[in-house]
Amino acid sequence: MSKRKKGFLLLRMYLGKKVSIAMMNILVIGFSTRNIVCSGKRAGYNMYSIDAFCDYDLMQCSKAARKLDIGDFFDASNISIKELSKLIESFDVDFDAIILGSGFETIGLESLPYRVFSNDPRTMAEVSDKYLFSGIVAKIGIPHPKTVLLSEIDKLNFPVMVKPACSGGGIFNMKVENHEGITALHEKLQNITIAAGKNQMIAQEYIDGTPASVSVISTRGKAIAIAVNEQLIGVPWLTTIPFAYCGNITPYETPYASEMKRMSEELILELGLIGSNGVDFIISENGPVVIEVNARFQGSLDTVEMATGVNLLDAHFKAFEGNLIEKKDDGVQYAGRAILYASQEILITGAEQKKLLERTVCDIPNAGHAIRPQEPVISILHSGKSREDVLSGIEETVMFIRESLNLIDS
């Protein structure tokens, strides 16, 4: 029996309650897989990972992991299917399922004998490209910023947002206020290096408002929005990068919550996406505007699970078999994850790692790991009865980490 067929049958038997999930061997492939791997461990699966960091807590949650050799660029196009296949086979494990995480959403693994529980790579290629995605949502009629290629920036009214068409995280996003700013923009673009597979730039109508997202679980015919999340973007006490993704707080209370959930469910079904997917919004003075879709597990996984009590990996698998989780109207608590970026070069020592482990943190760097300025250092988790409780706890832990690592305040 092929590994692909074996995985399919085992998952069907599990979903029919005929086999223990402790028998299930799941491999996650992505640049950063810690949140998915640890979710799987909490659900009782045997988790394995191919990852660019192999952080301390990922290693604690996985049975085994292999580190991706990606050089200075987070670009999956540098890695061939043949190389990936060798890494997979190096585990000497019959994997029952593979999950594709961040950076590997559009990698096609059809030639490999495994059951892949991710969206179709061709659909992913369209959804992940912000320029192509803008054309899709325009046809659907969902509010979305007008989007053009950078060479057509004059078609937009200023200010505009310039960003890579196929890169996330907000690291390279730049706001251009006027025509004079275009010259400065081109000078800045010449001084930054973006991976070859992600260097097409687009320009978007700038929408002022509050960044938020909706987490959705969907089958082929039904979708359920399980959480609305506040997005922490460019938070000054976490990063010096203006539009960098710095985490989430779940839930996000807004009068537009029901409308955002409805829009997200309709959009995910229209795109034909399955499993765990997310929709990013800006809540403007005129209401919610869709910015992009993350057709994969999202960075909000930690806060959604902590706030709702839902295990997203389990829900993801069930969705692929046509079964939606039951909708929960009330969350368990408020939860937040904040990503602290380096303001200077850091070399993590064993003593420093030990100090970090005193707090509720994740994405914990290994001793000996070198972190460059403006790269993520660590993520802080906190839960509480209110948004204020969560932010207060996160800020206190950030201060502790800065002191422990002797970081200079920016």
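Residues numbered from 1 in each chain as written. Predicted model: local features only at pLDDT ≥ 70, side-chain atom pairs only at ≥ 80, totals over all residues. Heavy atoms only, no water.

### Some remarks on the confidence of the model for the protein
Defined as follows: Per residue, pLDDT captures the predictor's confidence, and it can take any value from 0 to 100. When checking whether two residues touch, look at their non-hydrogen atoms; a contact exists if any pair is within 4.5 Å.
Confidence in the prediction of the protein, expressed as mean pLDDT, is 89, and 89% of residues score 70 or more. Counting contacts from residues 1-10, a segment whose pLDDT is below 50, to residues more than four positions away or on other chains yields 21 contacts.

### Details of the sheet that holds strand β12 (residues 275-284)
Remark on secondary structure: sheet strands pair via backbone hydrogen bonds, oriented parallel or antiparallel. The condition that has to hold: In this scheme, strands are said to pair when DSSP sees at least two bridges between them. We count a stretch as a helix when DSSP gives it H or I for four or more residues in a row; a strand needs E for two or more, and each element gets its number in order from the N terminus.
Strands sit in the order β13-β12-β9-β10-β11-β14-β18-β16 across an open sheet of 8 strands; the sheet is antiparallel. Each of the sheet's edge strands pairs with one partner strand only, and the pair in question is β13 (287-294) and β16 (361-362). Examined bridge by bridge, strand β9 (residues 210-218) and strand β10 (residues 223-233) share 7 bridges and lie antiparallel to one another. Bridging from a neighbouring strand, Ser213 pairs with Asn229 of β10.

### A look at the layout of surface pockets
Short version of the rule: Using protein atoms alone on a 1 Å grid, points that fit a 1.4 Å probe yet trap it form a cavity, whereas open point sets bounded by protein on both sides within 12 Å along at least five of seven lines form a pocket; residues with an atom within 4 Å of a point count as lining. Grid points are joined across faces, edges and corners, and a volume is the space filled by probe spheres set on the points. Residue polarity is assigned by list, with Asp, Glu, Lys and Arg as charged and Ala, Val, Leu, Ile, Met, Phe, Trp, Tyr, Cys and Pro as nonpolar; anything else, Gly included, falls into the polar class.
Within this model, the second largest pocket holds a volume of roughly 400 Å³. Forming the boundary of the second largest pocket are 18 residues, of which Val116, Ser118, Asn119, Asp120 and Pro121 lie nearest the centre. Looking at the lining of the second largest pocket, the elements with two or more residues in it are α5 (121-128) and α10 (312-320). Taken together, the residues of the lining of the second largest pocket sort by class into 8 nonpolar, 5 polar and 5 charged.

### Side note on empty space enclosed by the protein
Scanning the entire structure with this criterion turns up 3 cavities of 30 Å³ or more. Estimated volume of the largest cavity: approximately 60 Å³. Lining the largest cavity are Ile99, Leu100, Glu105, Phe117, Ser118, Asn119, Met124, Ser276, Ala295, Arg296, Phe297 and His316. For the lining of the largest cavity, the residue count by class is 6 nonpolar, 4 polar and 2 charged.

### A word on the side chain of Gln298
Convention followed: Distance and chemistry together define a polar contact, namely a pair of N or O atoms within 3.5 Å, with one atom able to donate a hydrogen and the other to accept it when in protein, and with adjacent residues in sequence counting only for side-chain atoms on both sides.
With respect to the secondary-structure elements, Gln298 resides in the loop between β13 and α9 (301-308). Engagement of the side chain of Gln298 in a polar contact is seen with the backbone oxygen of Arg296, the distance being 2.5 Å. In this view, Gln298 contacts Asn35, Ser215, Ser276, Asn277 and Gly278; residues no more than four positions away in its chain are not counted.

### Some thoughts on the side chain of Lys130
By the element assignment, Lys130 lies in helix α6 (residues 130-140). The residues touching Lys130, leaving out its near neighbours within four places in the chain, are Thr147, Lys163, Pro164, Ala165, Cys166, Ser167, Gly168, Ile202 and Glu292.

### A short note on the sheet that holds strand β3 (residues 64-67)
Operational definition: All axes are obtained by fitting lines to C-alpha atoms, using only the stretch in contact for helices, and the reported angles, taken between N-to-C directions, cover 0 to 180 degrees.
Pairing in this open sheet of 4 strands is parallel, and the strands run β3-β2-β1-β4 from one edge to the other. Strand pairing shows two members of the sheet lacking a second neighbour, β3 and β4 (97-100), which therefore form its edges. Adjacent strand axes in the sheet meet at a mean angle of 15 degrees, parallel and antiparallel pairs treated alike. Judged from the 4 bridges that link them, strand β1 (residues 25-29) and β4 form a sheet pairing that is parallel. Residue pairing across strands places Ile26 opposite Ala97, the latter belonging to β4. Sheet strands touched by helix α2 (residues 34-43): β1, β2 (46-51) and β4. Its angle to β2, the strand with the most contacts, is close to 170 degrees.

### So, α10
In plain terms, the rule: Burial classes follow relative accessibility: with a 1.4 Å probe on protein chains only, a residue under 20% of its type's maximum area counts as buried, one over 50% as exposed, and anything between as partly exposed.
The element α10 is extensively covered by neighbouring structure, given that 8 of its 9 residues are classed as buried. All of the buried residues along α10 are Leu312, Leu313, Asp314, Ala315, His316, Phe317, Ala319 and Phe320. For α10, the N-terminal capping position is held by Asn311, with its side-chain oxygen 3.3 Å away from the main-chain nitrogen of Leu313. Gly322 occupies a position one or two residues after α10 and carries a positive phi of about 90 degrees.

### Focus on the state of the cysteines
To be explicit about the condition: Any two cysteine sulfur atoms lying within 2.5 Å of each other are counted as a disulfide.
Counting across every chain of the model gives 1 disulfide. A sulfur-sulfur distance of 2.4 Å marks the disulfide that ties Cys38 to Cys61. For the disulfide bridge between Cys38 and Cys61, the dihedral angle about the S-S bond is near 100 degrees, and by the sign convention the bridge is right-handed. In this pair, Cys38 is assigned in helix α2 and Cys61 in helix α3 (residues 56-61), connecting sequence segments 23 residues apart. Judged by relative accessible area, Cys38 falls into the buried class, the value being 6%. For Cys61, a relative accessible area of 18% gives the class buried.

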